[in-house]
Amino acid sequence: QDERVSRFEVELDVEGAQDTLLAFLDSLIAMPKLMAIERLRLSTIPTKANQLRANLVIQQLTVR
């Protein structure tokens, strides 16, 4: 946090069906709020067909 901007960081680990997980990520990217995706790792799960795992760090910015 500095004088005019606050930053709030969240790390998420999510796992799910490919279409559902990609729709979730798409909705995050399309959010109208002031935020940045600092890191996004997307991988398949070898033992589960059509399943993906994502790890991402999101930083929310609030201007006062």
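Residues numbered from 1 in each chain as written. Predicted model: local features only at pLDDT ≥ 70, side-chain atom pairs only at ≥ 80, totals over all residues. Heavy atoms only, no water.

Novice: What should I look at first to understand the overall build of the protein chain in this one?
Specialist: Of the regular secondary structure elements, the protein chain holds one helix and three strands. Seen in sequence order, the protein chain has helices and strands lined up from the N terminus as β-α-β-β. With the C-alpha coordinates of the protein chain rotated into their principal frame, the extents come out at 50 × 20 × 10 Å. Scored against the burial criterion, the 64 residues of the protein chain give a buried share of 23%. Of all intrachain contacts in the protein chain linking residues separated by at least 6 positions in sequence, the fraction that spans at least 24 positions is 65%. For the protein chain, the accessible surface area stands at approximately 4800 Å², while carbon and sulfur atoms represent 52% of it. (Helix = DSSP H or I, 4+ residues; strand = E, 2+ residues; numbered from the N terminus. Buried < 20%, exposed > 50% of the residue type's maximum accessible area, 1.4 Å probe, protein only. Contact = heavy atoms within 4.5 Å. Areas by Shrake-Rupley, 256 points an atom, 1.4 Å probe, with all protein chains shown as cover.)

Novice: Please explain helix H1 (residues 18-29) as it appears in this structure.
Specialist: Owing to its 3.6 residues per turn, the α-helix brings residues three or four apart onto one side. With 12 residues, H1 should cover 16 Å at 1.5 Å per step; its first-to-last C-alpha distance of 17 Å lies within 8% of that length. Looking at H1, one finds that the buried residues are Leu-21, Leu-25 and Leu-28. On an axial view of H1, the arc spanned by its buried residues comes to 55°, and they lie on one face. Residues Asp-19, Thr-20 and Asp-26 are exposed on H1 and point more than 90 degrees away from its buried face. Where H1 is buried, its residues contact strand S1 (5-17), strand S2 (35-44) and strand S3 (51-63). (Expected span 1.5 Å × (residues − 1). Arc of directions from axis to C-beta.)

Novice: What is the right way to read the nonpolar core from this model?
Specialist: Core analysis: the largest hydrophobic core is formed by eight residues, namely Leu-21, Leu-25, Leu-28, Met-35, Leu-52, Ala-54, Leu-56 and Ile-58. Of all the secondary-structure elements, those providing two or more residues to this core are H1 and S3. Counting residues per element, this core draws most heavily on S3, which supplies four residues. Setting aside residues up to four positions removed in sequence, Ala-54 forms contacts with Leu-12, Asp-13, Val-14, Leu-21, Leu-25, Arg-41 and Leu-42. (Core = buried A, V, L, I, M, F, W, Y, C linked by side-chain atoms within 4.5 Å.)

Novice: Would you explain the pairing of S2 in this entry?
Specialist: For a regular strand, side chains alternate in direction, first toward one face of the sheet and then toward the other. Note: S2 against S3, nine bridges, orientation antiparallel. In the sheet register, Thr-44 faces S3, and the bridge partner there is Leu-52. Hairpin connection, S2 to S3: the antiparallel pair is bridged by six residues, and Asn-50 has positive phi, about 60°. (Pairing = 2+ DSSP bridges.)

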